[in-house]
Every structure is written in C-alpha cells, then in structure tokens.
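Analysis of the macromolecular model
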Amino acid sequence: MAFFSPAAALEWQASSVAATAGHVYLWISLGTGVLGLIAAYVFAHFVLGSDAGTPEMQKISNAIRQGAEAFMKRQYSTIAMIAVALAVLLYIGYRLSPFTAPYANKVVISFLIGALCSALSGQTGMWVSIRTNIRTAAAARTSMGKALQMALRGGAVTGLVVVGLSLLGIGVLFLAFGGFANPQQTPYELVGFGFGASLVALFAQLGGGIYTKAADVGADLVGKVEAGIPEDDPRNPAVIADLVGDNVGDCAGRGADIFESTAAENVGAMILGAALYPVFGLKGILFPLVVQAINIVASVVGVAIVRSGEDEVPMHALNRGYYVTTLLALAGFAGAVYFMLAARWWLLGCGICGIVMSFLFVRITEYYTETRFRPVKNIAQASTTGPATNIIQGLAVGMETPALPAVVIGAALLLSYYFGVRGLEDVATVSDYAKGIYGTAIATMGMLSSSAYILAMDTFGPITDNAGGIIEMSNQPDAIREKTDKLDAAGNTTKALTKGYAIGSAALAAFLLFSAYLDTVHTIVLNRVSKFGGVVPAHWSFSNVNLASVPVFVGALLGAMLTFLFSSLAIKAVGRAAQTVIQDVHQQFRENPGIMEGTSQPDYGRCVRIVTGAALKEMVLPGILVVAMPLVVGLIFRHFGGEFDPVLTAGPILRGVPINLSGAEAVAGLLMVGTIAGILLAMLMNNGGGAWDNAKKLIETGMHGGKRSEAHKAAVVGDTVGDPFKDTAGPSLHVLIKLLATVTLVLAPLFL
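Notes on the structure in this doc start here. (Residues numbered from 1 in each chain as written. Predicted model: local features only at pLDDT ≥ 70, side-chain atom pairs only at ≥ 80, totals over all residues. Heavy atoms only, no water.)

1. Some details on the overall build of the protein
What counts here: Labels follow the DSSP assignment, with helices taken as runs of H or I lasting at least four residues and strands as runs of E lasting at least two, numbered in each case from the N terminus. Think of it in three bands: with a 1.4 Å probe and only protein chains considered, a residue is buried below 20% of the maximum accessible area for its type, exposed above 50%, and partly exposed in between. In what follows, residue pairs with any heavy atoms lying within 4.5 Å of each other are defined as contacts. The charge count treats Lys and Arg as positive and Asp and Glu as negative. His and the chain ends do not count. For this purpose, a charge sits on NZ of Lys, CZ of Arg, CG of Asp or CD of Glu.
Looking only at helices and strands, one finds 22 helices and zero strands in the protein. Overall, the C-alpha framework of the protein stretches about 90 × 50 × 45 Å when taken along its three principal axes. Relative to its full complement of 752 residues, the protein shows a buried share of 65%. Once local pairs closer than 6 in sequence are excluded, the contacts in the protein between residues at least 24 apart make up 85%. The averaged location of the 48 negative side-chain charges in the protein is 4 Å from the averaged location of its 47 positive side-chain charges.

2. A look at the pattern of salt bridges
When the charged atoms of two side chains with opposite charge come close together, those side chains can pair. As a reminder of what qualifies: The salt bridge definition used is simple: a Lys or Arg side-chain nitrogen within 4 Å of an Asp or Glu carboxyl oxygen.
Per the stated rule, a full pass over the model turns up 24 salt bridges. In this structure, Glu366 and Arg372 form a salt bridge, with 3.2 Å as the shortest nitrogen-oxygen distance. We classify Glu366 as buried; its relative accessible area is 11%. Classification of Arg372 by relative accessible area gives partly exposed; the value is 47%. Between Lys713 and Glu710 there is a salt bridge whose closest N-O contact spans 4.0 Å. Remark: Glu710 and Lys713 occur in helix α22 (residues 710-747); sequence separation between them is three residues, near one turn of the helix.

3. Quick word on the nonpolar core
Heads up, the condition is: By convention a nonpolar core is built from buried Ala, Val, Leu, Ile, Met, Phe, Trp, Tyr and Cys residues, the set being connected through side-chain atoms within 4.5 Å.
Of all hydrophobic cores here, the largest spans 245 residues; its most connected members are Phe287 and Tyr517. At 20 residues, helix α17 (residues 478-531) tops the list of elements feeding residues into this core. If we ignore the near neighbours within four places in the chain, the residues touching Tyr517 are Ala664, Val667, Ala668, Leu671, Thr744, Leu745, Ala748 and Phe751.

4. Overview of the packing of aromatic side chains
Quick note on the threshold: Only centres within 6.5 Å qualify two rings of Phe, Tyr or Trp (six-membered ring in Trp) as a pair; their planes then separate them into stacked at under 30 degrees, edge-to-face at over 60, and tilted for everything else. The rule is short: NZ of Lys or CZ of Arg within 6 Å of the ring centre and within 35 degrees of the ring normal puts a charge over the ring.
A complete count under the given rule lists 15 aromatic pairs for this structure. Taking 6.1 Å as the distance between ring centres and 20° as the angle between the ring planes, the aromatic pair formed by Tyr338 and Trp345 counts as stacked. Of the residues examined, Tyr338 reaches a relative accessible area of 46% and is grouped as partly exposed. The exposure class assigned to Trp345 is partly exposed, which follows from its relative accessible area of 45%. The interplanar angle of 40° and the centroid separation of 5.4 Å between the aromatic rings of Trp346 and Phe419 together place this pair among those described as tilted. On the criterion of sequence distance, the pair formed by Trp346 in helix α11 (residues 345-369) and Phe419 in helix α14 (residues 403-423) is long-range, its members being 73 residues apart. Residue classification places Phe419 among the buried residues on the basis of a relative accessible area of 17%. Arg131 extends its terminal NZ or CZ atom over the ring of Trp127, reaching a point 4.0 Å from the ring centre. Just above the ring of Phe46 sits the side chain of Arg153; from NZ or CZ to the centre is 4.7 Å.

This is the structure:
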C-alpha cells in the first residue's frame with residue numbers, strides 16, 4: 001500500500017474474472033493443504049502398520065517414547081502459559097491506542113492460532129517419529145533399503161504436517177478476516193500468526209536443544225571418556241535421555257523452525273503482494289500460498305519415489321528424491337508465474353535464485369561437515385596433538401564457514417532484486433524499490449518450495465540414530481548394526497545439511513520480514529498523518545534507515561549484542577544442565593556397582609526426569625530476552641528525537657502531529673544488524689559444531705588410532721564443545737532472527 005499512489009489505486013479495479021480466479025487459487029491452496037495432511041496420514045499408516053521388532057527392542061523404544069512424550073507435555077505446558085500471558089499483554093497494548101484498537105482482536109486471534117498450529121505440527125511429527133525408530137530398526141533386520149524408506153516416510157509426516165498446517169492456518173485466517181472483501185488490509189492482520197509460530201519455535205528449539213545436548217554431553221563425557229564404553233551402551237544411565245534428546249531437539253525443534261520460516265515467508269510475501277495489488281490483484285497476494293501447495297505436491301512425490309539397494313550409499317537415494325522434488329517444485333513455480341503473475345518470466349528468475357541458493361547452501365554445508373573434505377580432516381589431524389589444538393582448529397573452521405554462504409546470500413538478494421525490477425519495469429505506478437523487494441520475496445518462496453522434503457530428510461536423522469541405539473542396546477547381530485550405522489551416517493549428514501538450509505531460509509525470510517516491517521511503518525505513518533489532515537508526499541517512503549542517527553546506531557548495536565548474549569545464555573544452559581546429568585550418572589555408578597558389570601540395569605527414567613527439569617528451567621530467560629528486547633527498544637527510543645518532520649507534509653505545516661519515528665527507526669536498526677550478526681554467528685556454530693562432530697566420527701573409523709586413542713579423547717572434547725554450538729545455540733539463532741522480525745512487525749504500531 002505504501003508503494004503506489006492513491007490515485008492509481010483508485011483508478012485500478014479488478015475485473016470479475018480476475019476476482020473469481022483469485023478465489024479459485026485460495027480454494028486450491030486450502031484443498032492442497034488438506035491433501036498434504038492426508039498424505040501425512042497415509043505415510044504414518046504405512047509406518048505404524050509395519051513390524052515393531054522384538055520385545056527387547058520394544059522395551060528400549062518404549063523408554064524413548066515415554067521420555068520424549070513426558071518432556072513434550074511439560075515443555076508445551078510451559079510454552080502455553082507464556083503464550084497466553086503474551087496474548088493478554090498484546091491485546092492490552094493494542095487496545096490502549098486508538099490507532100491499533102480496531103485490530104486487537106484479529107491480531108491476538110492470529111497469534112494464538114499461529115502458536116497452536118506450530119505446537120500441533122511439532123507434536124504430530126514427534127508422535128510419529130518416536131514410533132518410527134523401532135520400525136526402522138526392525139526393518140534393518142531384513143533390508144537396509146526398506147529401513148531407509150521407513151525412516152524417510154516417518155520423517156515426511158513431520159514435513160507435510162508442518163507445511164500443511166502453515167498453509168491452512170494462514171489461508172483460513174485470510175478467509176475469516178475478510179480477505180476477499182478487503183484484500184489489501186487483511187495481510188497486515190495476519191502478522192500475529194507469524195509471531196505465534198515464532199514464539200513456539202523459539203522455545204521448542206531452545207528447550208529441545210538444551211535437553212538433547214545436556215544429555216549428549218553428559219553421556220559422552222562419562223561414557224566414552226571416563227568409563228571407556230561405546231556410544232549407546234546400555235550400561236550408561238544417560239543413554240535413553242540422549243536418544244530422547246535426538247527427537248525433542250532435531251524432530252520437534254527443527255519442525256518448529258521450518259514451520260516458522262514458512263509462516264513468516266507467507267505473511268511477509270502477502271504483505272508485499274498487497275503493495276502490488278494494482279498490478280496482480282488478489283493473485284499477487286495469494287501467490288505464496290500456491291507455492292506452498294506446490295511444495296506439498298512435489299515433496300509427496302519426492303518421498304514416494306525414494307528406493308535404495310542393499311549396497312547403495314543411502315545419501316544417493318535421498319539426494320535423488322531431493323532432486324526430483326526440486327525439479328517438480330521448479331516446474332510448478334513456472335506454472336504459477338505464468339497463470340498468477342502474468343507470465344513475467346523475470347519473476348521466475350527470482351524463484352530460481354532461491355532454489356539455486358538452497359542447493360548451494362546444502363553443498364557448502366556438506367563441504368564443511370563431511371568427513372571426506374579438508375575442514376573435517378584438518379580437525380581430526382589436529383586432534384593427534386591434544387584437545388587444545390582440536391579446539392583451535394575447530395574454531396578456525398567455524399569462523400571460515402560464513403564466508404561462502406554470505407556471498408551466496410548477497411548474490412541471491414542482488415539478483416532477485418534486479419530480476420524483480422526487470423520483471424515489473426513496465427509498471428509505472430510502482431517504485432523500483434517495491435519491484436525489487438517483491439523479487440526478493442519470490443526468491444524466498446523459491447528456497448522454501450522444497451521445505452517439506454528437506455524437513456523429511458532432517459527428521460530421518462534422529463529416527464535412524466534412535467534405530468541404531470535400539471539395535472545396539474538390544475544386542476542385535478553386528479551385521480544389522482552395520483546397516484543402521486550406514487543409515488545413521490546418512491542421518492548425520494542430512495541433519496547437518498538441513499541446518500544449513502534452515503539458516504539460509506531464515507536469512508531470506510528475515511530480510512523479507514524486514515522489508516514488510518518498513519512497509520508497515522510507512523502505511524501507519526500515512527494513515528495517521530491523513531487522520532490529522534496532512535498529506536505525505538508520494539516520494540517519501542520509510543525504506544531508508546540512517547545508521548548515522550544515534551538512536552538507530554544504538555539500536556543496531558543492541559541487536560548485534562543480543563545475538564551474542566542469547567548464544568551465551570543458551571550454551572551456559574547446556575553446561576549447567578549437563579552437569580546435573582554427569583552428577584546423576586556418577587551417583588548411579590557409585591550406588592549400583594552392578595551397572596558397569598552388566599548385572600543390573602541403570603535407572604534411565606531418573607536421568608530423563610533430571611535433564612527434563614533442567615532444560616525447561618533454562619529455556620525461559622533467553623526466550624523472554626528475545627521477545628522483550630525489541631519492545632523495550634521501541635518504547636524507550638520513541639521518546640528520543642523530534643516529531644515527524646512537518647517539512648515532509650504537503651500543504652500547511654502540521655503542528656503537533658503525534659508521530660515520532662525514532663522508536664521505529666531504532667527497532668529497524670536492531671532488526672537489521674541483529675539479523676546480520678545472527679546469520680553469521682549461526683553459520684559459525686552450525687558448521688563448526690558439525691565439523692567437530694564428524695572429526696570425532698572420522699577418528700572412530702580407525703584413523704589416527706581409532707577409538708580410545710588419545711586423538712579420539714581429544715576429538716570427544718572438541719565434539720563436546722561443538723555440541724551446544726550446532727544443536728542448541730546455532731539452531732536457536734535461526735529462530736531468533738525470525739522472531740525478532742515477527743515481533744517488530746506485530747508491535748510496529750506501538751513504536752510510533
């Protein structure tokens with residue numbers, strides 16, 4: 001609404017044919033969302049109807065399931081209380097201002113529905129994944145190919161539920177809020193959906209990340225380093241907690257992360273589509289929903305075709321599915337551009353930029369985290385001279401990793417901006433800035449057009465990890481363990497690759513939301529000045545934020561600081577929670593010497609309960625900090641500087657127009673620089689931690705002395721440092737940068 005003249009907007013009227021077509025596209029999107037949930041049910045039915053293994057295997061699987069369900073129940077109860085409290089505060093804040101009071105109900109409703117959909121997607125995917133592990137283990141007794149298919153289809157349930165609920169939630173709200181009657185205003189009323197999704201995602205990822213790494217670190221330090229027993233050894237009291245952590249961290253956490261990305265991308269792109277309403281009408285607003293519908297169809301086909309031979313490398317089969325999904329998504333994207341965006345093929349180029357960026361991020365992450373490449377080999381070599389050189393080399397690799405991704409992000413944004421301008425160059429009523437920003441929005445849609453399959457590959461990781469643990473703890477033959485080891489190795493790769501994908505999608509989604517925030521502030525200024533009888537010149541826009549302004553600079557400094565402080569709190573939380581695990585394991589060894597002798601069972605449940613309580617306690621402070629920071633900066637800084645410059649208004653000078661841009665500008669600085677710092681820091685932690693982990697695994701294959709060598713002990717120490725990097729602080733930063741954007745978008749009216 002901020003990028004075209006009011007006169008042009010009044011002159012343009014959609015034909016009845018165009019309006020009807022827009023309605024059809026929404027119903028197609030909603031129908032495809034339902035089909036996605038049906039496909040998830042079919043995959044779940046296939047998995048749950050399969051062999052559930054021996055009684056010994058089921059006993060271990062049941063312990064994992066009970067621990068995961070107990071943690072999720074307590075975690076989501078905590079998140080629900082926080083969400084309700086924030087909903088009340090949000091409602092009060094909106095009601096206090098006459099400018100925002102009319103939107104209070106809709107924003108709060110969309111916030112609660114976004115939070116509910118995010119929670120449902122995490123719970124549903126988790127419910128299936130913790131029942132897929134035992135069936136994957138059982139399938140491995142007869143066929144590695146069948147076990148791979150089982151794990152991927154179990155993971156696909158998470159991917160399809162996440163994308164399906166995101167699509168249905170936003171589509172139904174658009175319909176319920178009168179999107180057909182008032183299509184230009186309704187997208188602004190959906191910002192609460194993204195905020196609710198982001199809030200749940202942050203606590204799900206943070207709480208799950210603290211849990212999984214506290215259990216993992218505790219199990220590794222006591223088991224591998226002190227006791228010298230293998231990973232997943234049933235004598236280790238923390239081993240069940242570790243296997244539970246794989247699910248609550250990687251399944252539920254990453255699912256919430258991708259749900260937030262799709263929700264944020266849909267809402268942000270719809271807001272920018274509303275700004276181009278004179279060009280595309282309702283089709284431009286609904287375009288992101290149609291792209292997500294294409295995502296569902298392409299991902300279902302991609303998952304369904306995956307087959308693997310007994311001697312084939314599992315990653316080859318998974319990559320085939322990924323390539324098929326990507327090609328189908330590209331074909332569907334081209335069709336959507338042809339029918340919905342008037343065959344402006346430069347805009348298809350924007351989508352291709354996002355798809356290529358997705359591919360490059362996956363390959364770059366693979367280079368830095370795979371055992372066959374230089375970075376991991378160098379860390380393994382450094383381990384031969386002790387833990388200190390391992391950590392030095394690992395940090396150096398981590399600091400190197402943001403370089404190529406930063407270039408890729410920059411190239412994708414520049415090219416998509418240029419293609420957006422070229423694709424709309426014949427539209428005189430829209431500024432080049434608006435054209436370019438819409439191009440970057442389409443690039444974001446392109447990157448997320450295969451997100452359901454990517455999430456299926458991510459969930460594949462913890463499922464196969466759990467399957468390997470079940471096989472080892474139930475004392476199955478070595479030949480079966482060799483099969484699950486191959487699947488587990490592929491799962492480690494997919495988890496690392498999807499972290500790279502997640503941070504890339506977060507970067508584009510955050511930029512998209514930043515643009516939507518600027519447009520929202522611009523629209524608020526127009527409305528308020530108009531209410532007081534003024535007119536803002538058409539050439540003015542809130543698209544430039546001056547870093548030389550003191551409030552903006554301070555806000556930017558606080559944004560960068562926030563990412564480091566948040567990471568510090570997350571890592572320290574893992575350390576404190578891990579200490580409780582180590583203390584419990586030591587105590588169990590002292591109280592029951594028969595554990596190490598193999599004559600008695602450890603109390604797995606006690607360790608699970610201890611780490612659950614510690615993780616939930618530790619997640620609250622970092623989460624509240626992220627929500628509170630932009631609110632505090634916006635409310636405080638709105639009292640700095642002068643009122644809205646009357647020189648910008650046409651006609652008589654307006655005395656006392658109650659608008660001060662300092663708060664909105666300071667928050668823009670916080671959001672912009674906080675996003676940049678968060679992206680770079682997340683890449684350092686994700687890839688650095690992944691390289692440390694795989695350097696340990698490389699040594700465990702027999703290099704540099706193999707297991708129990710001095711190099712292996714040094715590598716375990718490095719992996720222990722990298723664990724909270726790659727599975728707690730790093731993934732949580734993905735969510736942080738999107739949560740900052742959605743918080744500022746929802747609270748923008750309060751900053752003016």
